[in-house]
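Fold and contact review
Spelled out, the chains give:
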Amino acid sequence: MANTNQEQKAERFQQLHRTDGMFVIPNSWDAGSAYVYEREGFDCVATSSAGVAYALGYPDGEDITLDDLVQVVRNTVRRVDIPVSADFERGYAFAEAGADCVFVPGPMDEATVRSLVAGIHAPLNTILNGRFHDFAQLKKIGVRRLSVGSGPVRYIAEKVIHAARDIRAGKPEEVLSCGLSYGAANEYFSK
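Residues numbered from 1 in each chain as written. Predicted model: local features only at pLDDT ≥ 70, side-chain atom pairs only at ≥ 80, totals over all residues. Heavy atoms only, no water.

Regarding its fold elements, the chain presents 9 helices and 7 strands. Dimensions of the chain along its principal axes, counting C-alpha atoms only, are 55 × 45 × 30 Å. Counting across all 191 residues of the chain, residues that qualify as buried make up 31%. Residue pairs in contact within the chain that sit at least 24 positions apart in sequence constitute 54% of those at least 6 positions apart. Per element, the accessible surface of the chain, about 11,800 Å² overall, is 54% carbon and sulfur. Looking at charge distribution, the chain has the averaged site of its 20 positive side-chain charges lying 2 Å from that of its 25 negative ones. (Helix = DSSP H or I, 4+ residues; strand = E, 2+ residues; numbered from the N terminus. Buried < 20%, exposed > 50% of the residue type's maximum accessible area, 1.4 Å probe, protein only. Contact = heavy atoms within 4.5 Å. Areas by Shrake-Rupley, 256 points an atom, 1.4 Å probe, with all protein chains shown as cover. Lys, Arg positive; Asp, Glu negative; His and termini not counted. Charge placed at Lys NZ, Arg CZ, Asp CG, Glu CD.)

The first and last C-alpha atoms of helix α4 (residues 66-79) sit 20 Å apart over 14 residues, in line with the 20 Å expected at 1.5 Å per residue. Against the buried residues of α4 lie β2 (27-28), α2 (31-39), β3 (45-47), α3 (49-55) and β4 (84-85). (Expected span 1.5 Å × (residues − 1).)

A few words on the state of the cysteines. Per the stated rule, a full pass over the model turns up 0 disulfides. For the unlinked cysteine Cys44, the closest cysteine sulfur is that of Cys101, found at 10.0 Å. (Disulfide = S-S within 2.5 Å.)

We now examine the pattern of salt bridges. Across all of its chains, the model carries 3 salt bridges by this definition. The closest approach of N and O atoms between Arg131 and Asp109, which form a salt bridge, is 3.8 Å. In this pair, Arg131 sits in the loop between β6 (124-127) and α6 (135-141) while Asp109 sits in the loop between β5 (102-103) and α5 (110-119), placing the two residues 22 residues apart along the sequence. The class of Arg131 is exposed, set by a relative accessible area of 55%. In this structure Asp109 comes out as partly exposed when scored by relative accessible area, which is 28%. Arg114 is the partner of Glu110 in a salt bridge, and the nearest nitrogen-oxygen pair spans 3.0 Å. (Salt bridge = Lys/Arg side-chain N within 4 Å of Asp/Glu carboxyl O.)

Here we take up the pairing of β6. By the alternation rule, side chains of β6 split into Leu124 and Thr126 and Asn125 and Ile127, which are all buried. Sheet topology places β5 next to β6; 2 bridges connect them, and they run parallel. Along β6, the bridge assignment pairs Phe103 with Asn125. The parallel pair β5 and β6, bridged by α5, forms a crossover whose chirality is right-handed. Pairing of β6 with strand β7 (residues 145-147) involves 3 bridges; the strand directions are parallel. (Pairing = 2+ DSSP bridges. Right-handed = clockwise from strand over helix to strand, strands pointing away.)

On to the sheet that holds β4. Across the sheet, which stays open at both edges, the 3 strands sit in the order β2-β3-β4 with parallel pairing between neighbours. Because the sheet does not close on itself, it has two edges, and the strands there are β2 and β4. Where β2 meets β3, 2 bridges bridge the pair, whose relative direction is parallel. Bridging from a neighbouring strand, Asn27 pairs with Ala46 of β3.

Geometric values such as these leave the question of function open.
Structural data, given as structure tokens:
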């Protein structure tokens, strides 16, 4: 049963790369963030190497162990019903090796994205960035997959850093003003 379910998820994930148009794949850092993405309607989720590293207390850049990464992926796959793509770092091989898409990270302008779509004979996956992030235009150009990257985990980390500083300074007001109550959070995370 589990193998059949895994095969069905893999087929659903591959189908997203075969259909016309662009799909957005959010990047999670743990099972909880993946669950949020699933609950908010995404068709799949990917792990974020930076996000997983930060969640484990390390900088991005291959400081976490393979065992730690596998455990995060295992926990994530157990919690969500959508396909999960794992970022294993150093996974360099791209279209000839059978990849679903070619991932080119980093901030790029529109001209660079156009050149990549024209020059790479496989579906292009780029990353959400502050330089060029017009979803409609990316789709029109021919980007197939848009990864959210580490933006959400950095956003959350910034909030936690500020909360820690506020609490340490004896100023918990902003933390206490959170609109998500304990009961609402429990309800949200229940299946």
